[in-house]
Amino acid sequence: MSVACIEARRAGETIAQLTDVANLDHPESDSHITIFTDKTGVVKAARLLLSSVTKVLVLADRIVIKQIITSRNKVLATMEQLEKVSSFQEFVQIFSQFGNEMVEFAHLTGDRQNDLKDEKKKARMAASRAVLEKCTMMLLTASKTCLRHPDCESARINKDGVFHRMRLALEQVIEIVTDSRPNGENEMAPISIYSGIKEFKNKVEGLRENLYFLSKENLSTMLEVILEHTEDFTDSAYTSHEHREHILELSKQAKMELEHLVSVWMQAQNQKTKDLMEDLEVAILKTCQCMNELKREVHSAATSLAADLLKYHTDHMVLKALKITGVEGNLEAVAEYTCKLSEQKEQLVEVCRLLRHVSGTEPLEITCIHAEDTFQVTGPQIISAAETLALHPSSKIAKENLEVFCEAWESQLSDMSMLLREINDVFEGRRGEKRVYLSLPRPGKHNANLKALKPVKLDTEEQAKIAKLGLELHLLTSDVDSETEKWEDQENEIVQHGQGMSSMAYSMYLFTRGEGLLKTTQDLFHQAEIFATEGTKLASALHAFSDQVHDDDKPMLLLEAEKLISMCKQLQVTAKSSVQGKSATFTKVDACILKTRNVMTLLCQLLPLCCKLLRKNKAGNGCLKAAPPWTEDRIRTVTNVHSPERRAETFGIKSLENHVTNMTFLESK
């Protein structure tokens, strides 16, 4: 790379010297254009510049690919360690390292995704990265459940499924960036009815220009392939009788129209009369019209079925029932509802297959395949998580694990609803508009007095930046959760404030994905204010705690507490500042999330320090004084503040029920 850059610089300097008017022997004094005599030298230098710059770009691309492969290898190595851990303490340490490596991998692959020009590859990369992001939280809870219940077969199956899926996603990312397939296999492009009809119509309409460029057998084969795919609709148990009859009728009509077209076409090849050419034009129009009607019918069949299914499952009754019966330890009821979930999974998988046929673009086809795979995998994982909970109904971590997998299912249903809207947009010709980032400025409960604002469109770079910060925030909340779980006294004020801040940070992460309870930027800014207030309260608790400490760590504890106060004040100032316009709003959103991330990073350092001091005291090292009266009083206060009713008020939004931050690994026996 260094050599290539030197070559490029030299070529540029050569051109600069050859075109420098000041160095000419006879510089022109008037306004006429100067003619350079050494044209050959300029051309040679220009070619060298193009060659060397191309070399720089190729080398840079290879370097990025190597960085991604190296990062993937580090993630895989850490995953192997996570699979083999036998103690919770070891797991927490390795998972913290794993989180940092996943953030690095997310940054590298996110940049690569933005650089990809092929929309198909970009869609595949987005699907793989989505799997990795969602599986990170699944890996945490599934592994903890397995550690808590090491002899439980369903817990092991649940964990193995997450690791397997993450490995597949990591391999797919490498396939995309290296443009290769394992064992030299060629990638099979998904074939859909839409793409088949489009290609068929192009061939038919091409007969207007050239009667001899293809054979009648080619056209017949193409139509047969299309009609074979329509059998996915006619054979489906979920297709309505009316749609099935219309599709069969149009398929029969398409065969008849093609037979007539071929007959006229063969005659026109032998004798190009005006009447025959007019008949050929009519036959072409009728054939294309029939194919358009068939396309419209399969689109209506797939989208109406998907809409009905999404509406039917919007209440998530089966998931709710699994959670309830699992906590009750009712194995028979769990078995009954797992059968219902399996039926629901088969319906959704079938609908995804049908939607793929009518998606209209290759990226949407890939999104349909991703949705199908997600339902196919997540369904059995929910079942194994529910079985684990039913076998261990008092296990809090087994309950939280089931919650995480159910949330993934609900999230995929939400994504499928968005996919359905995009497919309809393509069909109705509305594709081409940039997707609006709905979480940016629009009227909400905190800006009801403002004029209605149009949704703001973020460019790719802005979306990527927000997504990266969000993922970092997500992983930091996991680290904080792991640290709080080490505390034996879960009612400790420091733990309570830490859990509250983690919960709020997680809701801000969901905002970066366009999910969760924070719907507008004003919601986000309000949440940031409350987060900063909670951080200030934590700093006060740390100061009170330091009064008991007789240890060398006391100055460090006070220093970190002062840092926390300073960071929280900065966040409050940023959150309360007024802005106008898209650019300023994005900058404020970016600043709030960045400063929240910094506070969470500091919190990850504070919690283990405080925990260490408490443990020293219990070991009899005398690092703490006798607890003064403030402890009891404050614990009573905190208990009230963090009750479900009070917490909703403190957060400024409704508390996320059974949130991931409340996960507890060590339960009382």
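Bear in mind the structure is a predicted one, so any value in this text is a computation, not a measurement. (Residues numbered from 1 in each chain as written. Predicted model: local features only at pLDDT ≥ 70, side-chain atom pairs only at ≥ 80, totals over all residues. Heavy atoms only, no water.)

Draft legend 1. Spotlight on the pattern of salt bridges. Applying the stated criterion across every chain yields a total of 17 salt bridges. Between Asp61 and Arg112 there is a salt bridge, and its shortest N-O distance comes to 2.6 Å. Remark: Arg112 occurs in helix α3 (residues 88–115) and Asp61 occurs in helix α2 (residues 39–84); sequence separation between them is 51 residues. Overall, the relative accessible area of 11% leaves Arg112 in the buried class. Residue Glu104 pairs with Lys74 through a salt bridge whose shortest N-O separation is 3.2 Å. (Salt bridge = Lys/Arg side-chain N within 4 Å of Asp/Glu carboxyl O. Helix = DSSP H or I, 4+ residues; strand = E, 2+ residues; numbered from the N terminus. Buried < 20%, exposed > 50% of the residue type's maximum accessible area, 1.4 Å probe, protein only.)

Draft legend 2. Structural context of the packing of aromatic side chains. Under the defined criterion, the tally for this structure stands at 5 aromatic pairs. On the numbers, 5.7 Å between centres and 40° between planes, the contact of Phe95 with Phe98 is tilted. Of this pair, Phe95 and Phe98 are both found in helix α3, 3 residues apart, which corresponds to roughly one turn of the helix. Residues Tyr506 and Tyr509 carry aromatic rings whose centres are separated by 5.5 Å and whose planes lie at 50° to one another, so their mutual orientation is tilted. Of this pair, Tyr506 and Tyr509 both sit in helix α15 (residues 493–512), 3 residues apart, which is roughly one turn of the helix. Overall, the relative accessible area of 11% leaves Tyr506 in the buried class. Accessibility expressed as a relative area gives 5% for Tyr509, which makes it buried. Grouped by ring-pair contacts, the aromatic residues Phe91, Phe95 and Phe98 constitute a single cluster. Here the guanidinium or amino end of Lys295 rests over the ring plane of Tyr194, the centre of that ring lying 5.3 Å away. When the ring centre of Phe525 is taken as reference, the NZ or CZ atom of Lys588 above it lies at 4.0 Å. (Phe/Tyr/Trp six-rings, centres within 6.5 Å; stacked < 30°, edge-to-face > 60°. Lys NZ or Arg CZ within 6 Å of the ring centre and 35° of its normal.)

Draft legend 3. Local environment of the side chain of Thr477. Turning to its location among the elements, Thr477 is positioned in helix α14 (residues 460–485). The buried category is assigned to Thr477, whose relative accessible area is 0%. A distance of 2.4 Å separates a polar atom in the side chain of Thr477 from the backbone oxygen of His474. In contact with Thr477, other than residues within four places in its own chain, are Ser502, Ala505, Tyr506 and Met600. (Polar contact = N/O pair within 3.5 Å; in protein donor to acceptor, adjacent residues only side chain to side chain. Contact = heavy atoms within 4.5 Å.)

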